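# Working through the structure, step by step
Take a look at the letters that make up each chain.
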Amino acid sequence: MSAPEALAAAGPPLPVTGVVASADDGNVPANTLDGDLGTRWSAEGDGVWIRYDLGSSKTVGSVSLAWHQGDTRKQTFDVQLSDDGSSWRTVVARQVSSGTTTQPEVHDFTDSAARYLRVVGYGNTYNDWTSITETAVNGADGGGGGTCRYPADVLDLTNWYIGLPIGEEESPTNVEQPELDTYAIDPWFTPTPGCDAVQFRAAVDGVTTSGSSYPRSELREMTNSGSTKASWSSTSGTHTMVVEQAITALPEDKPHVVAGQIHDGSDDVSVFRLEGDDLYVTNGDTSHHKLVTGNYVLGTRFQAKFVVGGGQIKAYYNGVLQTTISKSFSGGYFKAGAYTQANCGNSSPCGADNYGQVEIYGLTVTHGSTGDPGADRTVDVATSAQLQSAFANAQAGDRIVLANGDYTIGKISGKNGTAAKPITVVAANRGQAVITGGQLEVANSSHVTVDGLKWTTRDTLKVTSSNNVRLTRNHFRLTEESSLKWVLVQGANSHHNRVDHNLFEEKHQLGNFITIDGSATRQSQHDLIDHNHFRTIGPRAQNEMEAVRVGWSGISQSSGFTTVESNLFENCDGDPEIISVKSNDNTVRYNTFRTSQGTLSHRHGNRGAFYGNFFLGEGKAGTGGIRIYGQDHKVYNNHIEGLTGTGYDAALQIDGGDVDTSGALNAHWRVYRATAVNNTFVGNASNIEIGANYTLPPVDSVIANNVVVGSRGKLFNEVKTPVNATYAGNIGCRPVRRPPASPSPPAPSGWSTRCSPPTGRCTGSAWPARRSTPRPPATPS
């Protein structure tokens, strides 16, 4: 979503029955509902929240927020919705207010049902307080803030049609292909705000088919690209449906919903059915054959799977077989969605706000001639053709084992394992199965692991719009003829992928060992890069040759929550930035950098955490430490020794900026509120530098409890005088073998020369005589 939509259309304000907050300073939550822009709710801290109760589930389309001093400060916040006040879904992530008005600004999102709305604050451009003067929770407006428009943007609906709870009685609206590819109707059949699922809703007053008393928003299986109704037999072939889903709402009085089913030529054969807290697999239309769980919580995501073959139905819940039902039938087909088992005759109120709802994150159907896709399988392959066939037929629990030899690889698309049963592609003998050609792209898939392969191919390994993909114990030494990214994580809705325990070596063309991208607007989320060995990248280029890049300037205002930890970087000399972080809320910790030219750089974005890292230059030319731009970074508990770099490559460069709090996304944003504490600097050419480059010095930095020891260059260097900096508890020490010719100037407040090195005594001659200048009066951003 673009920055605050003050002119966005809003639905009608909804009545709020209650408001509470995580904290306040005496300016209480109720002040946000009194119609007075002169009163406010205020709380201090990262993640404070205020929650509004609508009394019952309502369709919400936007929220209007007026901010205290909103014409001089920009506020960062999330908007979340909940059905029960405990399980929350984010509909506006890390939004930033305009900073130009104290009047309400409308923040739009896809219309969604909820009882509760919560605003989570992360401080503003001046301090870490969140202060709201007025709030209005607005009803449906027919709009949306997601990055997709149609359910077909989320699920492959090629062989489905949708039956809806609207239209004429006993003749509900059905939408078939090709119209289905560009069809959505809110709230009955629409992408969720985050575009990670499709929402299916059926209200108790909805239109029903002639053969049922209950309304539905439900997909029906088709074939031939949606032109023919599917019809198969339980005694011929194997037929599988896997649904990743969550049941998010139940009707009143009769809280029953069917979320997935097998149908024959005349009736239900077996369904996944929730009744209150009890989730069943049924035998026939009404028989409660198997209780899957007796404490299901609305909104909990789970995997349901039916496998039909040999006159049997096998039903799995989260990859575990629950029951086997003997059943011979013909005319079979699958259905998935929300089939509400209530109507106006048994559920009150009789209206659109009383409904059942299901969100589907993934949906696949396969038909084969033999085998049981429910069982874990080992698939041995020895040729490239066998490998690609195994990919095409992969299912949860498969272990695809590559014999020793060379392979040309291809794409894995739309394949979903589970946490308990991942799809694993593994070398029979680590490093002896070699990928010499082709390109692996894991697309629209989940829980896929690639283990123990050697990669010499000329193409990038891509993870696209996928989650829980793991690359582990591989050896990457790709063949490069021109610029090449080796591993790329990209696409909308990528998250929780992991690259670990791999060796990356000998990269000599532009591009990165690992690149974490995302969609055009948001970085891939919660990825982990850990326990890898990166070595020998170079020769030095001006740009685009980082060992690891997290984010890029175009998405630098989004949050990645990426963690880079416990890796070894050796002779990574390709770029001025060994690791380049270009988004918000990422962590780089516990890594070791040996004889590597360049720095760990937070180039774009805010709220980075760099801690527990070791930088060992060993005297090599051009070796650097940490360089930061942006807001609210924390640099602590790092050990930095033997570096030769200065300026851009200083051991710690809290740099100047060329834009303040707005401007081009590829600029160097001014540093605000950086914290550098408990770091150790030993024998570096330049240790802590402030503002070596660009025009705008850092603001509100805290430099405390650091130890700086060395006989080379300056121990501390204010190239530009910072604004309102705080120094406390630092120790600086320069060993000398004889007394200086003249007395040393005193260290500034917050620094001490208490040190007794074995080679002589300490002098404070490196410290600047001046302190930082006071903060200027606040001005509008």
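Residues numbered from 1 in each chain as written. Predicted model: local features only at pLDDT ≥ 70, side-chain atom pairs only at ≥ 80, totals over all residues. Heavy atoms only, no water.

### Side note on helix H1 (residues 384–392)
Of all the positions in H1, only Leu387, Ala390 and Phe391 are classed as buried. Summarising the axial view, the buried residues of H1 lie within an arc of 100 degrees, below the 170-degree limit, and thus occupy one face. Its buried side turned inward, H1 meets strand E24 (378–381), strand E25 (399–402), strand E26 (405–409), strand E27 (412–413) and strand E28 (423–427). (Buried < 20%, exposed > 50% of the residue type's maximum accessible area, 1.4 Å probe, protein only. Helix = DSSP H or I, 4+ residues; strand = E, 2+ residues; numbered from the N terminus. Arc of directions from axis to C-beta. Contact = heavy atoms within 4.5 Å.)

### Points about the environment of proline 698
Mapped onto the elements, proline 698 comes out in the loop between strand E57 (688–690) and strand E58 (702–704). On a C-alpha basis, the gap between proline 698 and threonine 364 in space is 52 Å, while along the polypeptide they are 334 residues apart. Contacts of proline 698, omitting those with residues within four sequence positions, involve Ile654, Asp655, Val671, Ile690, Gly691, Pro722 and Val723.

### A look at the pairing of strand E36 (residues 487–490)
The side-chain alternation of E36 yields two buried faces, one formed by Val487 and Val489 and the other by Leu488 and Gln490. Bridging between strand E33 (residues 461–464) and E36 involves four bridges; their strand directions are parallel. If you follow leucine 461 over to E36, its bridge partner there is valine 487. By the bridge criterion, three bridges tie E36 to strand E39 (residues 514–516) in an arrangement that is parallel. Its bridge partner being in E39, valine 487 is matched across the sheet by isoleucine 514. (Pairing = 2+ DSSP bridges.)

### Some details on the packing of aromatic side chains
Counted according to the given criterion, the structure contains 22 aromatic pairs. Between the aromatic rings of tryptophan 232 and phenylalanine 329, the centroid separation amounts to 6.0 Å while the plane-to-plane angle is 50 degrees, which identifies the pairing as tilted. In this pair, tryptophan 232 sits in the loop between strand E13 (228–229) and strand E14 (238–249) while phenylalanine 329 sits in the loop between strand E21 (320–326) and strand E22 (333–340), placing the two residues 97 residues apart along the sequence. Ring centres 4.6 Å apart and planes at 5 degrees place the aromatic pair phenylalanine 593 and phenylalanine 615 in the stacked group. Within this pair, whereas phenylalanine 593 is found in strand E47 (residues 592–594), its partner phenylalanine 615 is found in strand E50 (residues 614–616), the two being separated by 22 residues in sequence. Across the pair, exposure class does not vary: phenylalanine 593 and phenylalanine 615 are buried alike. Feature note: the residues Trp455, Phe476, Trp486, Phe504, Phe513, Phe534, Phe569, Phe593 and Phe615 constitute an aromatic cluster, connected by ring pairs. Here the guanidinium or amino end of arginine 201 rests over the ring plane of tyrosine 355, the centre of that ring lying 4.0 Å away. Sitting over the face of the ring of tyrosine 629, arginine 603 holds its NZ or CZ atom 5.8 Å from the ring centroid. (Phe/Tyr/Trp six-rings, centres within 6.5 Å; stacked < 30°, edge-to-face > 60°. Lys NZ or Arg CZ within 6 Å of the ring centre and 35° of its normal.)

### Focus: the sheet that holds strand E48 (residues 598–604)
Strand order in the open sheet formed by 12 strands is E27-E30-E33-E36-E39-E42-E45-E48-E51-E54-E57-E60, with parallel pairing between adjacent strands. For this open sheet the edge positions go to E27 and strand E60 (716–718), each flanked by a neighbour on one side alone. Bridge analysis of strand E45 (residues 577–582) against E48 gives five bridges, and the strand direction is parallel. The residue bridging serine 580 from the neighbouring strand is serine 601, located in E48.

### Some points on the state of the cysteines
Evaluated as defined, the whole model comprises one disulfide. Put simply, cysteine 344 and cysteine 350 are joined by a disulfide, and their sulfur atoms are 1.8 Å apart. Residues cysteine 344 and cysteine 350 are joined through a disulfide that is right-handed, its torsion about the S-S bond being 75 degrees. Cysteine 344 sits in the partly exposed class, given a relative accessible area of 34%. (Disulfide = S-S within 2.5 Å.)

### A few points about the environment of phenylalanine 504
Assignment of secondary structure puts phenylalanine 504 in strand E38 (residues 503–507). By relative accessible area, phenylalanine 504 is classed as buried at 0%. Residues phenylalanine 504 and tryptophan 455, spaced 49 residues apart in sequence, show a C-alpha to C-alpha distance of 9.8 Å. Residues in contact with phenylalanine 504, not counting those within four places in the same chain, are Phe476, Trp486, Val487, Val499, Phe513, Ile514, Asn532, His533, Phe534 and Arg535.

### So, the sheet that holds strand E23 (residues 355–368)
In space, the seven strands of this open sheet follow the order E10-E11-E23-E14-E19-E20-E21, with antiparallel pairing throughout. Taken across any chain shown, the strands that pair with only one partner, and hence form the sheet edges, are strand E10 (189–191) and E21. Strand after strand, the sheet turns through a mean of 25 degrees between neighbouring axes, direction not considered. Here E14 runs beside strand E19 (residues 301–309); their pairing, made up of nine bridges, is antiparallel. When the bridges of E19 are listed, methionine 241 appears paired with phenylalanine 306. (Axes fitted to C-alpha atoms, helices over the stretch in contact; angles between N-to-C directions.)

### Digging into the nonpolar core
By size, the foremost hydrophobic cluster in this structure holds 75 residues, and its most contacted members are Leu402, Trp455 and Ile514. The residues touching isoleucine 514, leaving out its near neighbours within four places in the chain, are Val487, Val499, Phe504, Ile529, Phe534, Ala547, Val548 and Arg549. Among the nonpolar cores identified, the runner-up in size contains 52 residues, and Tyr183, Ile262, Ala304 and Tyr317 belong to it. (Core = buried A, V, L, I, M, F, W, Y, C linked by side-chain atoms within 4.5 Å.)

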